[in-house]
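Letter by letter, the chains look like this.
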Amino acid sequence: MRIITVFCVFLICYRADGVDILVAYDDGVEYFNSSEHSFRSLVLPSAPVSAVDYHYQRKEAFAAWDNRIYRFPLFNNDSSRSFSPTSVANISLCWSFAVDWVHDHVFWPDCGIDAAIMMSDLDGGNITVIVPLSQNRPIWIPDIAIDPYRGLLFWISDGSVLSCGLDGREITTVAKLAFTEAVNLVLDMVAKRIYLLSRNKSFNGIYYLEYHSSEPLLIHDEVDGKIWSFSVYKSQLYLCYDSSNGTYLTTRSVADHASSKQQLTNLSKTVWHMKVIDPELQTPPEIDQCTSKGCSHHCVVQESLALCRCPRNFHLGRDQMICEIIQAKNDTFLSVLEGIACVVFILLAAGILMCLCDKVWSNVHPTVVRVTSPSNSFKRRIYKGSDLSENLI
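Every value quoted in this text rests on a predicted model; they were computed, and no experiment measured them.

**Points about the side chain of Asp278**
(1) Moving on: Within the fold, Asp278 resides in the loop between strand 25 (271-277) and helix 1 (289-293).
(2) Moving on: Despite its burial, Asp278 remains without a salt bridge, the nearest opposite charge being carried by Lys234 at 6.0 Å.
(3) Moving on: A polar atom in the side chain of Asp278 sits 3.1 Å from the backbone nitrogen of Leu281.
(4) Moving on: The residues contacting Asp278, other than those within four sequence positions of it, are Tyr54 and Tyr233.

Put into structure tokens, the structure is as follows:
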């Protein structure tokens, strides 16, 4: 577990060979442009920062510190000033989060006594419990990640990688991990792969596995240094690590396990978290049915048709777009009385209806009987009512 008291994060954006990298390390939040070789201040955090993410279409960066998630502009053209961050949501114990740039949501784990994975809008509104994880027991979740195009949420917990839909349904154990020190989870949404960083005192390794249940495979290990964070972009690993010679930002091929690292730059301080900025990934396609659908919570595309979906304890309203909370009836006694009253009403109504039908039928259709004459021949006699002696026709 990272000790939050030891780090204060500095956010930079380093550009190398067309790649923007968001790097978190000590002393502040800045943007570094490699073409100009200049730093631009974004925000000065008031407490240690644990994680960063971004929303490229909105040109916003997100960071977590002081038990809250904040957002602020991703780029700053004025090097003489920094931005005031906007608070998005409270977080508890766990410090990771993930930005959904398709549906404009933020997901984060609440690792308190009633642990759960939460979701809100980008401004912190409509906070919803997506996945209830435990009751009266805290759970440590070091990292989460989402694939908004496929509607999938992944997280690490209790030595396993788990997944579910963005609505919290269909929770699945993707893999049981032989190692328990997994601290970072990164998705390659093009290759549909999950990458994990396992870190302890004597070993640092990066593993990958498929989206749907496979054994983790080791693709990179570091024995002479410590990997603090990593990211994946177009079949390349980007690593921030410490060694006896200093702190570096490097890259190497994912496909070629024997390839050597290429050093991109020296870093003056220890890195705690990083994100490669992928404009193509976060640029929506020309036709995006979900963008114009207007779903309040989640949207999925099935057979070229956009459909709204709701999280637990919600259902779609009549417009099939807005999720409404399901009102639970907690008063069992009143529910029983309502049921009894309903049954009694139905029986009374049925009895009254039968009486009316019998009366109407007897008035409309006279009684017809057949009697036997002494000559054993049948004669037809018609009677009205029930008095045969007085109503003979």
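**Quick notes on the pattern of salt bridges**
(1) Moving on: Counting across every chain of the model gives 6 salt bridges.
(2) Moving on: Across the salt bridge formed by Glu60 and Arg58, the nearest N and O atoms sit 2.9 Å from each other.
(3) Moving on: Here Arg58 falls in the partly exposed class, since its relative accessible area comes to 38%.
(4) Moving on: Each of Arg58, Glu60 and Arg71 takes part in a single network of salt bridges with overlapping partners.

**A look at the pairing of strand 2 (residues 19-25)**
Regular strands place their side chains on alternate faces of the sheet.
(1) Moving on: Along strand 2, 7 of the 7 residues are buried, which leaves the element largely enclosed by surrounding structure.
(2) Moving on: Covered by surrounding structure in strand 2 are Val19, Ile21, Val23 and Tyr25 together with Asp20, Leu22 and Ala24, the residues of both alternating faces.
(3) Moving on: Pairing geometry for strand 2 and strand 25, over 6 bridges, is antiparallel. Pairing of Tyr25 across the sheet is with Val271, part of strand 25.

**Re the environment of Asp114**
(1) Moving on: Mapped onto the elements, Asp114 comes out in the loop between strand 10 (105-110) and strand 11 (116-121).
(2) Moving on: When residues no more than four places from it in sequence are discounted, the contact partners of Asp114 are Ser134, Gln135 and Asn136.

**Some thoughts on the packing of aromatic side chains**
(1) Moving on: As enumerated under the stated definition, the model contains 8 aromatic pairs in all.
(2) Moving on: Between the aromatic rings of Tyr195 and Tyr208, the centroid separation amounts to 5.9 Å while the plane-to-plane angle is 40°, which identifies the pairing as tilted. Here Tyr208 lies in strand 19 (residues 204-210) and Tyr195 lies in strand 18 (residues 193-199), a separation of 13 residues in the sequence.
(3) Moving on: Counting every residue linked through ring pairs, the aromatic cluster contains Trp65, Tyr70 and Phe72.
(4) Moving on: One Lys or Arg, Lys59, reaches over the ring of Tyr56 and ends 4.2 Å from the middle of that ring.

**Observations regarding a nonpolar patch on the surface**
(1) Moving on: A contiguous nonpolar surface patch, about 280 Å² in accessible area, is contributed by Ile340, Val344 and Leu348.
(2) Moving on: The topology assignment puts Leu348 in helix 2 (residues 332-364).

**Quick word on the environment of Cys94**
(1) Moving on: Mapped onto the elements of the fold, Cys94 is located in the loop between strand 8 (86-90) and strand 9 (98-100).
(2) Moving on: Spatially, the C-alpha atoms of Cys94 and Cys111 are 5.5 Å apart, while their sequence positions differ by 17 residues.
(3) Moving on: Each residue touching Cys94, except ones within four places of it in the same chain, is listed here: Pro109, Cys111, Ile139, Trp140 and Ile141.

**Looking at the state of the cysteines**
(1) Moving on: Scanning all chains against the criterion turns up 3 disulfides.
(2) Moving on: The side chain of Cys94 participates in a disulfide bridge whose partner is Cys111; the two sulfur atoms lie 1.5 Å from each other. Judged by the torsion about the S-S bond (-95°), the Cys94/Cys111 disulfide is left-handed. One end of the pair, Cys94, is in the loop between strand 8 and strand 9; the other, Cys111, is in the loop between strand 10 and strand 11, with 17 residues separating them in the sequence.
(3) Moving on: Across a sulfur-sulfur distance of 1.9 Å, Cys295 and Cys308 are joined as a disulfide pair. Across the S-S bond linking Cys295 and Cys308, the dihedral sits near -80°, which makes this disulfide left-handed. Separated by 13 residues along the polypeptide, Cys295 in the loop between helix 1 and strand 26 (298-302) and Cys308 in strand 27 (residues 305-309) bring together distant segments of the chain.

**A short note on the pairing of strand 18**
(1) Moving on: Counting buried residues in strand 18 gives 6 out of 7 residues, a clear majority hidden from the surface.
(2) Moving on: Two strands pair when backbone bridges link them, and strand 17 (residues 182-188) and strand 18 are joined in this way by 6 bridges, in the antiparallel orientation. What sits directly across from Leu185, in strand 18, is Leu196.
(3) Moving on: If you look at the hairpin formed by strand 17 and strand 18, you'll find 4 residues sitting between the two strands, and Lys192 has a positive phi there, around 55°.
(4) Moving on: Where strand 18 meets strand 19, 7 bridges bridge the pair, whose relative direction is antiparallel. If you follow Arg193 over to strand 19, its bridge partner there is Glu210.

**Here's the deal with the sheet that holds strand 11**
(1) Moving on: Spatial strand order, 9-10-11-12: 4 strands in an open sheet with antiparallel pairing. Bordering the open sheet on either side are strand 9 and strand 12 (128-132), each of which pairs with just one other strand. For this sheet the average axis-to-axis angle between neighbouring strands, irrespective of direction, equals 25°.
(2) Moving on: Of the strand pairs in this sheet, strand 11 and strand 12 are connected by 4 bridges, and their pairing is antiparallel. What sits directly across from Ala116, in strand 12, is Pro132.

**Focus on the nonpolar core**
(1) Moving on: Counting residues in hydrophobic clusters, the biggest one holds 19 residues, and the most contacted among them are Phe154, Val161, Leu185, Leu187, Ile194, Leu196 and Tyr211.
(2) Moving on: Looking at this core, the elements with two or more residues in it are strand 14 (152-157), strand 16 (172-176), strand 17, strand 18 and strand 19.
(3) Moving on: Discounting chain neighbours no more than four positions away, the residues touching Leu196 are Ile156, Val161, Leu177, Phe179, Asn184, Leu185, Gly205, Ile206, Tyr207, Leu209 and Phe230.

**Section: unusual backbone geometry**
(1) Moving on: Positioned with a positive phi, Asp66 is a non-glycine residue whose angle comes to about 55°.
(2) Moving on: With respect to the helices and strands, Asp66 occurs in the loop between strand 6 (60-65) and strand 7 (68-73).
(3) Moving on: Although it is not a glycine, Lys234 adopts a positive phi angle of roughly 50°.
(4) Moving on: Lys234 sits in the exposed class, given a relative accessible area of 54%.

The rules behind these values
Residues numbered from 1 in each chain as written. Predicted model: local features only at pLDDT ≥ 70, side-chain atom pairs only at ≥ 80, totals over all residues. Heavy atoms only, no water. Helix = DSSP H or I, 4+ residues; strand = E, 2+ residues; numbered from the N terminus. Buried < 20%, exposed > 50% of the residue type's maximum accessible area, 1.4 Å probe, protein only. Lys, Arg positive; Asp, Glu negative; His and termini not counted. Salt bridge = Lys/Arg side-chain N within 4 Å of Asp/Glu carboxyl O. Polar contact = N/O pair within 3.5 Å; in protein donor to acceptor, adjacent residues only side chain to side chain. Contact = heavy atoms within 4.5 Å. Pairing = 2+ DSSP bridges. Phe/Tyr/Trp six-rings, centres within 6.5 Å; stacked < 30°, edge-to-face > 60°. Lys NZ or Arg CZ within 6 Å of the ring centre and 35° of its normal. Patch = residues over 30% accessible without salt bridge, like charges linked within 9 Å, V, L, I, M, F, W, Y side chains within 5 Å. Areas by Shrake-Rupley, 256 points an atom, 1.4 Å probe, with all protein chains shown as cover. Disulfide = S-S within 2.5 Å. Axes fitted to C-alpha atoms, helices over the stretch in contact; angles between N-to-C directions. Core = buried A, V, L, I, M, F, W, Y, C linked by side-chain atoms within 4.5 Å.

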